[in-house]
Amino acid sequence: MFQILSSYSLNSLFIGCTGLEELSGIDSSFEEFNSTLFSQASKDVERSVQSKSVNAQLDESILVFLTRLSPYFMLKPAQKCLEWLIQRFHIHLYNQDSLIGCVLPYHETKVFVRVIQLLKLSDPTHRWHWLEPIQKPGVPLAKNTLINHCYKDMSFMDFICNLVTKAGKAFLDNPGNAAQLRVLFSFYDDTASKDVERSVQSKSVNAQLDESILVFLTRLSPYFMLKPAQKCLEWLIQRTRRNDGRRFCMEMEIKVLKIAPPMAQLIMPVKQP
């Protein structure tokens, strides 16, 4: 699984297309990638000789695909698709952030470790160097290790928050599939929000959280009248309310009123005397 080959074949493309077809049977939004990442023309794309604009467009397509793929990562069809992207587009080299974002919610599985083992993380300055210790032994990433890193590196917490907002955009554009957001929200609840519980007395952490919430709400605002978006907002209110109490409820009310007045009814019930 997830082998790096010196060459690829039409058979690997066939496997990837088979995986995409099976995924499309579960979620029809994957069908659009038939003509891009999994097309016959894709087998002739060599990233190292492409222009910056072409690679930038390819990066964006890969990011959208991996964001949508994340909720299905543990399914065999999803892993077939990932195998093709690794072999053909070298996403383990060019799209490490997007790839890790896709598999991070499954950090306690062996499949996650197999993906991490594909990455070159030996450079101490590398953003994901802290994951290198799990590569050789092939052991899953413990939840405590993940939470501790949230506590040590605020940019990583921001990375997790961005995963949620990107997924929100990807799935709320397709409201019928918005239920898939529960995978990322569950992961967020187990990691970034637990970091908030541990560091609630830190002004810098609270400031970072407030900024992340505001960014999330701003990005979510175009979809506020959709039920999936409303569920996202209700979840965020209830989750952070448990951590921050009155302070958060008051600030959330102000932010929501500024961004989307019609949504104020969602926060009124949580006001505290």
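Only a predicted model underlies this, so the values are computations on that prediction, with no experimental measurement involved. Here the residue numbers are simple positions, counted from 1 along each chain's written sequence. In keeping with the model being predicted, local features are shown solely for residues with a pLDDT of at least 70 and side-chain atom pairs are shown and tallied solely at 80 or more, while totals for entire chains, interfaces and linings include all residues. Only hydrogens and water are removed before side-chain values are computed, so all heavy atoms of the structure are retained for them.

**A closer look at helix α2 (residues 52–69)**
Along its 18 residues, α2 runs 25 Å from first to last C-alpha, staying within 8% of the 26 Å computed at 1.5 Å per residue. Partly exposed residues are those whose accessible area sits between 20% and 50% of the maximum for their type, while under 20% is buried and over 50% is exposed, using a 1.4 Å probe and protein chains only. Elements are defined by DSSP. Helices are runs of H or I of four residues or more, strands are runs of E of two residues or more, and each kind is numbered from the N terminus. Residues of α2 that are buried include every one of Asn-55, Leu-58, Ser-61, Ile-62, Phe-65, Leu-66, Thr-67, Arg-68 and Leu-69, and no others. By this rule, a helix spans an expected 1.5 Å times one less than how many residues it contains.

**Examining the side chain of Ser-39**
Tracing the chain through its elements places Ser-39 in the loop between α1 (10–26) and α2. We call two residues in contact whenever any of their non-hydrogen atoms come within 4.5 Å of each other. Not counting chain neighbours up to four residues away, the residues in contact with Ser-39 comprise Leu-13, Phe-33 and Asn-34.

**Some details on the packing of aromatic side chains**
The relative placement of two aromatic rings is captured by the distance of their centres and the angle of their planes. Working definition: rings of Phe, Tyr and Trp (its six-membered ring) pair if their centres are within 6.5 Å, and the pair is stacked with planes under 30 degrees apart, edge-to-face with planes over 60 apart, and tilted otherwise. For the coordinates displayed, the defined rule picks out 10 aromatic pairs. Note on Phe-73 and Tyr-106: the rings are 5.3 Å apart at their centroids and 45 degrees apart in plane angle, and the pair reads as tilted. Note that Phe-73 is positioned in the loop between α2 and α3 (76–89) and Tyr-106 in the loop between α5 (96–103) and α6 (110–116), a separation of 33 residues in sequence. Tyr-106 shares its class with Phe-73; the two are buried. Ring pairing ties together the aromatic residues Phe-30, Phe-33, Phe-38, Phe-65 and Tyr-72, which thus form one cluster.

**Some thoughts on the packing of α2 against α5**
For helices, the axis comes from a line fit to the C-alpha atoms of the stretch in contact; other axes are also lines fit to C-alpha atoms, and the angle between any two N-to-C directions lies between 0 and 180 degrees. Put simply, α2 and α5 touch, their axes get as near as 8 Å, and they point 10 degrees apart. Regarding the angle of α2 to α5, the classification is roughly parallel. Contacts from Leu-63, Leu-66 and Leu-69 in α2 reach Ser-98, Leu-99 and Cys-102 in α5. Under the scheme applied, nonpolar residues are Ala, Val, Leu, Ile, Met, Phe, Trp, Tyr, Cys and Pro; charged residues are Asp, Glu, Lys and Arg; polar residues are all the others, including Gly. Counted by class, the contact of α2 with α5 contains five nonpolar, one polar and no charged residues. In these notes the angle categories are as follows: under 35 degrees is roughly parallel, over 145 is roughly antiparallel, 65 to 115 is roughly perpendicular, and the rest is oblique.

**What to know about the confidence of the model for the protein**
Regions with low pLDDT should not have their predicted coordinates read in detail. When pLDDT is averaged along the protein, the result is 76; 62% of the residues meet or exceed 70. As a per-residue measure, pLDDT reflects the predictor's confidence and takes values from 0 up to 100. Model confidence for the protein, summarised as mean pLDDT per element, is weakest for helix α13 (residues 264–267) at 48 and strongest for α5 at 96. Counting contacts from residues 244–250, a segment whose pLDDT is below 50, to residues more than four positions away or on other chains yields 18 contacts. Overall, residues 266–273 carries pLDDT values under 50, and its contacts beyond four positions in sequence, including any with other chains, amount to 19 contacts.

**Quick notes on helix α7 (residues 143–152)**
The complete set of buried residues in α7 reads Leu-146, Ile-147, His-149 and Cys-150. Along the long axis of α7, the arc covered by the buried residues comes to 155 degrees, so they all point the same way. Counted as exposed and oriented over 90 degrees from the buried face of α7: Asn-144 and Lys-152. The directions considered for the arc are those from the helix axis to the C-beta atoms.

**Quick notes on the state of the cysteines**
In what follows, a disulfide is any cysteine sulfur pair within 2.5 Å. Applying the stated rule across the entire model yields zero disulfides. For the unlinked cysteine Cys-81, the closest cysteine sulfur is that of Cys-17, found at 8.4 Å. Accessibility expressed as a relative area gives 0% for Cys-81, which makes it buried.

**A closer look at unusual backbone geometry**
Negative phi characterises most residues that are not glycine, and trans characterises most peptide bonds. One non-glycine residue, His-90, lies in the positive phi region at around 50 degrees. Looking at where His-90 falls in the secondary structure, it is placed in the loop between α3 and α4 (91–94).

**Considering the pattern of salt bridges**
The salt bridge criterion pairs a side-chain nitrogen of Lys or Arg with a carboxyl oxygen of Asp or Glu, the two atoms within 4 Å. Per the counting criterion, the structure on display carries five salt bridges. Of the charged contacts, one joins Glu-22 and Lys-80 as a salt bridge, the two residues approaching to 3.6 Å between their closest N and O atoms. You can see Glu-22 sitting in helix α1 and its partner Lys-80 sitting in helix α3, a full 58 residues away along the chain. Using a relative accessible area of 34% as the deciding quantity, one classes Glu-22 as partly exposed. Assessed through its relative accessible area of 28%, Lys-80 is described here as partly exposed. Among the ionic pairs, Asp-97 bridges to Arg-127, the shortest N-O distance being 2.9 Å. Linking Asp-97 in helix α5 with Arg-127 in the loop between α6 and α7, this pair joins segments that are 30 residues apart in sequence.

**What about the side chain of His-149?**
With respect to the helices and strands, His-149 occurs in helix α7. Among all residues touching His-149, those that are not within four sequence positions of it are Trp-130 and Phe-156.

**Some details on the environment of Gly-168**
Mapping Gly-168 onto the fold places it in helix α8 (residues 154–172). A residue is classified by how much of its surface remains accessible, and Gly-168, at 6% relative accessible area, is buried. Along the backbone, Gly-168 and Gln-180 are 12 residues apart, and their C-alpha atoms lie at a distance of 9.6 Å.

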